[in-house]
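Residue strings, one per chain:
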Amino acid sequence: MKDEEVFIGGVTRSWLRARSQNERYAVWKRAKGLHSAEGNHLARAIELLGLPYAEPEPLADGDPLLIRMRELIDSPEARAAAVESTLDGLPAMAGIDVLMHETFGEEYRRNEAAVPTAQQLTAELMARLGYVDAGSKPLPARCVARTGVYWKRR
């Protein structure tokens, strides 16, 4: 049995195969950002693996989950969660993400397109409420999404 090639950070092809599309994308993005031969070698290995590694697109119009997510985002509860998170110095997505996970459970957590959709819907909500994008921040560990936009008043 041949030993598996180990890339920078101890990453192997079998480890990459076991990761989700979002996780592979995060590793690929970090590797590209290193601007080093080792980073480029890992990024190329991910590209050649033949598995999806790009950031997923939001849900398509007409998707049943998208329809339910829009209904939730338009609720007073979602509006309150987004504004409260913002006032606490967190991205609005911190409140929305928890609400989405509580409402949709596994359907939200395991769908690769659900988080980008929630982020897009949150951005639309915050813009309607008079907030502007003030950069990106990491989300608390309890969240399904890893980062979110921090919003401030116009």
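All values derive from a computational prediction rather than experimental measurement. (Residues numbered from 1 in each chain as written. Predicted model: local features only at pLDDT ≥ 70, side-chain atom pairs only at ≥ 80, totals over all residues. Heavy atoms only, no water.)

Caption draft 1: Seen up close, the packing of helix α6 (residues 92-104) against helix α8 (residues 114-128). Where α6 meets α8, the closest approach of the two axes is 10 Å, and the angle between their N-to-C directions is 125°. In this view, α6 runs oblique relative to α8, as classed from their interaxial angle. By crossing handedness, the relation of α6 to α8 is classed as right-handed. Of α8, the residues touching α6 (which contributes Ala92, Met93, Ile96 and Met100) are Val115, Ala118, Gln119, Thr122, Leu125 and Met126. Tallied by class, the residues present in the contact of α6 with α8 amount to eight nonpolar, two polar and no charged. (Axes fitted to C-alpha atoms, helices over the stretch in contact; angles between N-to-C directions. Helix = DSSP H or I, 4+ residues; strand = E, 2+ residues; numbered from the N terminus. Parallel < 35°, antiparallel > 145°, perpendicular 65-115°, else oblique. Left-handed = near helix turned anticlockwise from the far one by under 90°. Contact = heavy atoms within 4.5 Å. Nonpolar A, V, L, I, M, F, W, Y, C, P; charged D, E, K, R; others polar.)

Caption draft 2: Just the nonpolar core, in detail. Grouped together as the largest cluster of nonpolar side chains are 28 residues, with contacts concentrated most on Met69, Met93, Ile96, Met100, Phe104 and Tyr108. When contributions to this core are tallied by element, the ones reaching two or more residues are α4 (64-73), α5 (76-87), α6 and α8. At seven residues, α6 tops the list of elements feeding residues into this core. Residues within four places of Ile96 in sequence aside, it is in contact with Ile73, Ala78, Ala82, Thr122 and Leu125. (Core = buried A, V, L, I, M, F, W, Y, C linked by side-chain atoms within 4.5 Å. Buried < 20%, exposed > 50% of the residue type's maximum accessible area, 1.4 Å probe, protein only.)

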